[in-house]
Number of protein chains: 2
Amino acid sequence: MAKRAGKLTYKSSGVDVSANDVMVDKIGAALRRTYDPRVISRHGGFAGLMRLDYHERLLKRCYREPVLVAGADGVGSKLLFGIQHQRIASLGIDLVAMSVNDILTVGAEPLMFLDYVACHKLKPAEIAEIVTGVSTGCVEAGCALLGGETAEMPAMYSPSHFDLAGFCVGVVERDRIIDGDDVEPGDVVIGLASSGIHSNGYSLVHAAIERLGKRKQLPVDLGEPLEDALLRPTRIYVQPVLKLLRSYRRKKIVRAMAHITGGGIAGNLPRVLPDGCAAHIHRGAWTPPPVFRLIQALGVDESEMYDVFNMGIGFILVVRPAFANAVIERLNSAGETAFRIGTIRKGKRRVVWR
Amino acid sequence: MAKRAGKLTYKSSGVDVSANDVMVDKIGAALRRTYDPRVISRHGGFAGLMRLDYHERLLKRCYREPVLVAGADGVGSKLLFGIQHQRIASLGIDLVAMSVNDILTVGAEPLMFLDYVACHKLKPAEIAEIVTGVSTGCVEAGCALLGGETAEMPAMYSPSHFDLAGFCVGVVERDRIIDGDDVEPGDVVIGLASSGIHSNGYSLVHAAIERLGKRKQLPVDLGEPLEDALLRPTRIYVQPVLKLLRSYRRKKIVRAMAHITGGGIAGNLPRVLPDGCAAHIHRGAWTPPPVFRLIQALGVDESEMYDVFNMGIGFILVVRPAFANAVIERLNSAGETAFRIGTIRKGKRRVVWR
């Protein structure tokens, strides 16, 4: 595990060493529950170590030509909602989700995660809660929380504020990389249901929610408290998607994958399409969760909604048409809600709404 | 390359997409100059990809049992000095140095680096300057700047402020991991000169410098402007140390290594010592740079100075006594300034000052 904080640990300028020690103890368990036999535990060391392969005969899972895949992300303005409603543990899940879903798009198995927490002043219980949330996300994504850094910067952050950054590294067999190059007209676009807004568009969410003012009656019935809808953690698609990819020995059943973040489907799906391929998407193929209808009802144009939010689709797979039904079935039986939302056609590299 | 920013890219809530595009173009060159043949370039993709090995015959550099080594860090309060003096490019070097020197301690070759920049509002020129600094550090450390994330959070950061986090992954052959377990009494402690304060202790630096008030005459002659001394980037020890390790086919010449960060030599060297081994360090073996004498002269106890700062030693190697002179010679001829600063003796796992 990388050393947590301790980099500015001198009381004379206001940094409390013992508070840090308490926190380090508290998060130890959070880290350890994410370890698998590949983690080489070295308490107090300068860096986190992880073998790329198991070398125990029973566990052997070797990569012939391993390619490392890395992603970095934060949770953006969702942080401020979480802080405001004192629901900071779930922000750790969001943090993990943002990076692991990104590296999943090439077919990579997440191996390790590291976090950076920067705050005004260490509150051990708060940091422990955040890191526990991060470790919950890591368990769900099947990766090791290998370390992190906690920084106190009183001059940078307000007393109640903190920022989070997350870094993930995974591995994929070189000849199994999914890069979208083989996508061709006729391929089927499959969408996986999001858990809600996920971790993008919260500046717009904030602007919309402010219009509610002191109204207690929401213009759209969410069927749950507003803050539950706004702060539900981002869905992590790693386990069901990796299970799907492993179930097909023949490669290239799944030809492209996209994580639907800021910019929505139209901003993200074309990133993995080759030239000459447009994605025709049928909005009627699924029903956006009520939280999006609420935000729209507060004065956001529908086209803007689709340009900013995932609108209920958090992850997309482009698959060979002959396998589309089987893929949908497999994903559904792995606990996802999968929709056939469109088709690839000849055209400019973009989304065409239907 | 991981997608830069773009996660909150909607103008309606004040996020400027075109400014972001300009920045993305500007930093493209900064990233590309760090690439080696192992990087798989996928413009616009969701994640950065890097082969663990060259497979071109001429370049082949394989790992039999690769262990991945990861570290995360920030630059702490040095950021505020850099922002104040408008020297933000060198902060990128500090950011890289903090992580790569950490993973170097186990003998790892840094492979990739990712950064997280969070700010009030994107200033494309500023972000480009920061990332160019990060790429300069990556070139020096011989690792690829594989991606990053830029986040705009107006409600979190003051207009002039930004925060930086960095994440590094390297690789080491499993049976060449340097973990300190074999350190034994009689081993020699070799220190490598720091470039100055590096990136720790800046809250104390700030408190000390404030005592200068409006005095123009410093109590200690630095031989250079104060801000040069305070903002010189952290030394990156990767290339000379890796060259040293590769020059010895026999392993275990170098038995432990420590990166001297917050907590100084006494706070960091014991992290890699086994039980029953104390490091006896002779302060007279080297002369701390004048910037430390200045801070001390402004009212910090000498013992506090050694408990907080590197005091002129940025990286430490513990080596077998028979090889100590040869190691010092090799490091000096690789451009380092190496000192024999102490010896390992039987005792409690700590530093004993001589």
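How each quantity is defined
Residues numbered from 1 in each chain as written. Chains lettered and ligands numbered in written order. Predicted model: local features only at pLDDT ≥ 70, side-chain atom pairs only at ≥ 80, totals over all residues. Heavy atoms only, no water. Helix = DSSP H or I, 4+ residues; strand = E, 2+ residues; numbered from the N terminus. Rg over C-alpha atoms; globule rule 2.2 N^0.38 Å. Buried < 20%, exposed > 50% of the residue type's maximum accessible area, 1.4 Å probe, protein only. Contact = heavy atoms within 4.5 Å. Areas by Shrake-Rupley, 256 points an atom, 1.4 Å probe, with all protein chains shown as cover. Lys, Arg positive; Asp, Glu negative; His and termini not counted. Charge placed at Lys NZ, Arg CZ, Asp CG, Glu CD. Pairing = 2+ DSSP bridges. Axes fitted to C-alpha atoms, helices over the stretch in contact; angles between N-to-C directions. Parallel < 35°, antiparallel > 145°, perpendicular 65-115°, else oblique. Left-handed = near helix turned anticlockwise from the far one by under 90°. pLDDT = per-residue confidence, 0-100. Buried area = accessible area lost by both parts, 1.4 Å probe. Polar contact = N/O pair within 3.5 Å; in protein donor to acceptor, adjacent residues only side chain to side chain. Nonpolar A, V, L, I, M, F, W, Y, C, P; charged D, E, K, R; others polar. Salt bridge = Lys/Arg side-chain N within 4 Å of Asp/Glu carboxyl O. Phe/Tyr/Trp six-rings, centres within 6.5 Å; stacked < 30°, edge-to-face > 60°. Lys NZ or Arg CZ within 6 Å of the ring centre and 35° of its normal. Least-squares fit on C-alpha atoms with pLDDT ≥ 70 in both.

A. Geometry of the overall build of chain A. In terms of helices and strands, chain A carries 11 helices and 12 strands. Its C-alpha atoms give chain A a radius of gyration of 21 Å, within 12% of the compact-globule value 20 Å for 354 residues. Each principal axis of the C-alpha atoms in chain A carries an extent, and together these give about 65 × 65 × 35 Å. Across the 354 residues of chain A, 62% fall into the buried class. Long-range pairs, those at least 24 residues apart, make up 84% of the contacts in chain A between residues at least 6 apart in sequence. As displayed, chain A has an accessible area near 13000 Å², and 49% of this comes from carbon and sulfur atoms. Here chain A contributes 45 positive and 37 negative side-chain charges, whose respective centroids are spaced 4 Å apart.

B. Expanded view of the sheet that holds strand S9 (residues 277-281) of chain B. Residues and elements named next belong to chain B. Taking strand neighbours across the sheet as the criterion, the 6 strands line up as S8-S10-S7-S11-S9-S12 in an open arrangement whose pairing is mixed. Sheet topology places strand S8 (254-259) and strand S12 (351-353) at the edges, where each strand pairs with a single neighbour. The mean inter-strand angle of the sheet, taken between neighbouring strand axes irrespective of direction, is 30 degrees. With 5 bridges joining them, strand S7 (residues 188-193) and strand S11 (residues 338-346) adopt antiparallel strand pairing.

C. The arrangement of the packing of helix H3 (residues 89-104) of chain B against helix H7 (residues 238-247) of chain B in detail. Residues and elements named next belong to chain B. The contact between H3 and H7 brings their axes to 10 Å, and the two run at 15 degrees. The orientation of H3 relative to H7 falls into the category roughly parallel. In terms of crossing hand, the pair formed by H3 and H7 is left-handed. Listed contacts from H7 to Val 100, Asn 101 and Leu 104 of H3 are Val 238, Val 241 and Leu 242.

D. Fine view of the sheet that holds strand S8 (residues 254-259) of chain A. Residue and element names in this part refer to chain A. The strand order S8-S10-S7-S11-S9-S12 describes an open sheet built from 6 strands, whose pairing is mixed. If you trace the sheet from one side to the other, it starts and ends with S8 and strand S12 (351-353), each paired once. On average, adjacent strands in this sheet sit at an angle of 30 degrees to one another, irrespective of strand direction. For strand S7 (residues 188-193) and strand S10 (residues 313-319), the ladder comprises 6 bridges, and the chain directions are antiparallel. Paired with Ala 193 across the bridge in S10 is Ile 313. Each of S7, S8 and S10 is contacted by helix H7 (residues 238-247), which is oriented at about 170 degrees to S8, the strand it contacts most. Sitting on the sheet, helix H11 (residues 324-333) touches S7, S10 and strand S11 (338-346), and the angle it makes with S11 is about 150 degrees.

E. Examining the confidence of the model for chain A more closely. All names here are of chain A. Mean pLDDT over chain A works out to 89, with 91% of the residues at or above the 70 mark. Note that pLDDT drops below 50 for residues 1-14; the model gives that stretch 72 contacts with residues more than four away or on any other chain. Reported confidence for the predicted complex is 0.90 by ipTM and 0.91 by pTM.

F. Local environment of the pairing of S11(A). Direction of pairing for strand S9 (residues 277-281) of chain A relative to S11(A): antiparallel, over a ladder of 5 bridges. Bridge pairing in S11(A) places A:Ala279 opposite A:Ile344.

G. Geometry of the interface of chain B and chain A. With 77 residues of chain B at the contact, the number on the chain A side is 77 residues. When chain B packs against chain A, the two sides together hide about 6400 Å² of surface, and 63% of this comes from carbon and sulfur. The largest share of the area that chain B buries against chain A comes from B:Phe46, B:Met156 and B:Arg271, three residues that together contribute 14% of it. Counting every contact that joins chain B to chain A gives 11 residue pairs in polar contact (both at pLDDT 80 or more). No other element matches the 9 residues that strand S3 (residues 66-74) of chain B contributes to the side of chain B that touches chain A. For the side of chain B that touches chain A, the per-class residue count stands at 41 nonpolar, 22 polar and 14 charged. Sheet analysis places strand S3 (residues 66-74) of chain A next to strand S2 (residues 48-51) of chain B, joined by 4 bridges and oriented antiparallel. Its bridge partner lying in S2(B), A:Ala70 is registered against B:Gly48.

H. Inspection of the pattern of salt bridges at higher detail. All names here are of chain B. Scanning the model with the defined rule gives 28 salt bridges over all chains in all. In this structure, Asp 94 engages Lys 78 in a salt bridge whose closest nitrogen and oxygen atoms are separated by 3.0 Å. Note that Asp 94 is positioned in helix H3 and Lys 78 in helix H2 (residues 78-84), a separation of 16 residues in sequence. For Lys 78, a relative accessible area of 0% puts it in the buried group. A salt bridge links Lys 252 to Asp 182; its shortest N-O distance comes to 3.3 Å. On the criterion of sequence distance, the pair formed by Lys 252 in the loop between H7 and S8 and Asp 182 in the loop between strand S6 (162-173) and S7 is long-range, its members being 70 residues apart. The class for Asp 182 is partly exposed, based on a relative accessible area of 34%.

I. Summary view of the side chain of B:Asn310. Residue and element names in this part refer to chain B. Turning to its location among the elements, Asn 310 is positioned in the loop between helix H10 (302-308) and strand S10 (313-319). For Asn 310, a relative accessible area of 3% puts it in the buried group. Aside from chain neighbours lying at most four places away, what touches Asn 310 is Ser 194, Gly 196, Ile 197, His 198, Ile 260, Ile 265 and Phe 292.

J. View of the packing of aromatic side chains. Under the criterion given, the structure shown has 12 aromatic pairs over all chains. For the ring pair A:Tyr157 and B:Tyr157, a centre distance of 5.3 Å and an interplane angle of 65 degrees mean the geometry is edge-to-face. Taken as a pair, A:Tyr157 in the loop between strand S5 (144-152) and strand S6 (162-173) and B:Tyr157 in the loop between strand S5 (144-152) and S6 lie in two separate chains rather than in one. Across from the ring centre of B:Phe46, 4.0 Å away, lies the NZ or CZ of A:Arg271, which sits over that ring.

K. Geometry of the pairing of S10(B). Residues and elements named next belong to chain B. When you tally the buried positions in S10, you get 7 out of 7 residues, the bulk of the element. With 5 bridges joining them, S8 and S10 adopt antiparallel strand pairing. Residue pairing for S10: His 259 is matched across the bridge by Phe 315.

L. Quick look at the relation of the copies chain B and chain A. After a rotation of 180 degrees and a shift along the axis of 0.0 Å, chain B superposes on chain A with an RMSD of 0.0 Å. Accordingly, the operation relating the two chain copies is best matched by a two-fold axis.

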